[in-house]
Amino acid sequence: MKDVDGKQRPMWRTRWWAPDGRHGDRPHPPLLLVFNRIGPRNRGTVIAQLAELTERHWKGTWYEGGFHMYDGKLPIVVTGMKQLQEHGPAGAVFRRFGRPHNQTLIEAIGNPRREAADARQRAEHDVRQREHQEELRRIAAQHRAEREAGRPVCVGCGSRFTDERWKAIEPAGWGAPRETHPHLCDDCKHQAVTAERHAEQAGPEHQEHEQAVPVQKTSGTWLSRFRA
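This structure is a prediction, so every number in the text was calculated from the model and none was measured.

S.K.: How would you summarise the overall build of the protein if you had to cite specific residues and measurements?
M.R.: Along the protein, the regular secondary structure elements total 8 helices and 5 strands. Secondary structure elements of the protein occur, N-terminal to C-terminal, as β-α-α-β-β-β-α-β-α-α-α-α-α. Considering the protein as a whole, with its 228 residues, one finds that 20% of them fall into the buried category. A total accessible area of about 17800 Å² is found for the protein, and carbon and sulfur atoms account for 55% of it.

Here it is as structure tokens:
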């Protein structure tokens, strides 16, 4: 039927709250039956007959993970007044139909085997995740080591190139300006470029000096006397 929010729900869910549960495992609210033995009837026989007659309503579906799923089923839990008086409502005095042993009320209305299977699955998933992350870290470390092994070394001072310098000497494609002094680090390159600039600036003066020297050398030769 339609609930107050306009959504279609089973009628009982419009009257009683219950958690939605997990996918494929949405049981109905549990039913607790408390027996007080009065008269000649055998409580054990009555409970066994009741369990047999209602089996289709409470029996779950077995899964290979070692638990039952109770989707759409009605958990029926029974106990006795005498047991409640002796052990209290927190004691393991509740028997859910389909289970061989008494449990606490929380365990009886829940699905502890499913919870344990889920916990194992989460633990296995966490282990796989840790192993996967460890493998990624190992691969990353191996790649870093291989990259460092191929890092260029300056032929001038012997130091390894920085990442910026290494990137600068890598080919940038057609038409890109070629990097000068690709075998030198930044400091050695700076020194080399500075020396080249000084040499270029001193070049014209040096040439004029070389041209003037032969004139001075020939001024006192026999050819000058002959001309005189």
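S.K.: Residue-level account of the side chain of Thr-54, with values.
M.R.: Tracing the sequence through the fold places Thr-54 in the loop between helix H1 (43-53) and helix H2 (55-58). Apart from the residues within four sequence positions on either side, Thr-54 is in contact with Ile-76 and Phe-97.

S.K.: How would you summarise the sheet that holds strand E1 (residues 31-35) if you had to cite specific residues and measurements?
M.R.: The strand order across the open sheet formed by 3 strands is E1-E4-E5, and the pairing between neighbours is mixed. With partners counted over all chains shown, the strands left at the sheet margins are E1 and strand E5 (95-96), one partner each. Across 5 bridges, the pairing between E1 and strand E4 (residues 76-80) is parallel. Note that in E4 the partner of Leu-32 across the bridge is Val-77.

S.K.: Quick one: what's the story with helix H5 (residues 112-149), residue by residue and with numbers?
M.R.: Its 38 residues give H5 an end-to-end C-alpha distance of 55 Å, which sits within 8% of 56 Å, the value for a rise of 1.5 Å per residue. Among all positions of H5, only Arg-114, Ala-117 and Asp-118 are buried. Summarising the contacts, the buried residues of H5 are in contact with strand E3 (67-69).

S.K.: Requested: an account of the packing of aromatic side chains, with residues and values cited.
M.R.: Considering all chains together, one arrives at 2 aromatic pairs under this definition. With a centroid separation of 5.8 Å and 5° between ring planes, the pair formed by Tyr-63 and Phe-67 is classed as stacked. The cationic tip of Arg-96 hangs over the ring face of Tyr-70; the distance from NZ or CZ to the ring centre is 4.2 Å. The ring of Trp-166 has Arg-147 sitting right over it, with the charged end atom 4.1 Å from the ring centre.

Definitions and cut-offs
Residues numbered from 1 in each chain as written. Predicted model: local features only at pLDDT ≥ 70, side-chain atom pairs only at ≥ 80, totals over all residues. Heavy atoms only, no water. Helix = DSSP H or I, 4+ residues; strand = E, 2+ residues; numbered from the N terminus. Buried < 20%, exposed > 50% of the residue type's maximum accessible area, 1.4 Å probe, protein only. Areas by Shrake-Rupley, 256 points an atom, 1.4 Å probe, with all protein chains shown as cover. Contact = heavy atoms within 4.5 Å. Pairing = 2+ DSSP bridges. Expected span 1.5 Å × (residues − 1). Phe/Tyr/Trp six-rings, centres within 6.5 Å; stacked < 30°, edge-to-face > 60°. Lys NZ or Arg CZ within 6 Å of the ring centre and 35° of its normal.

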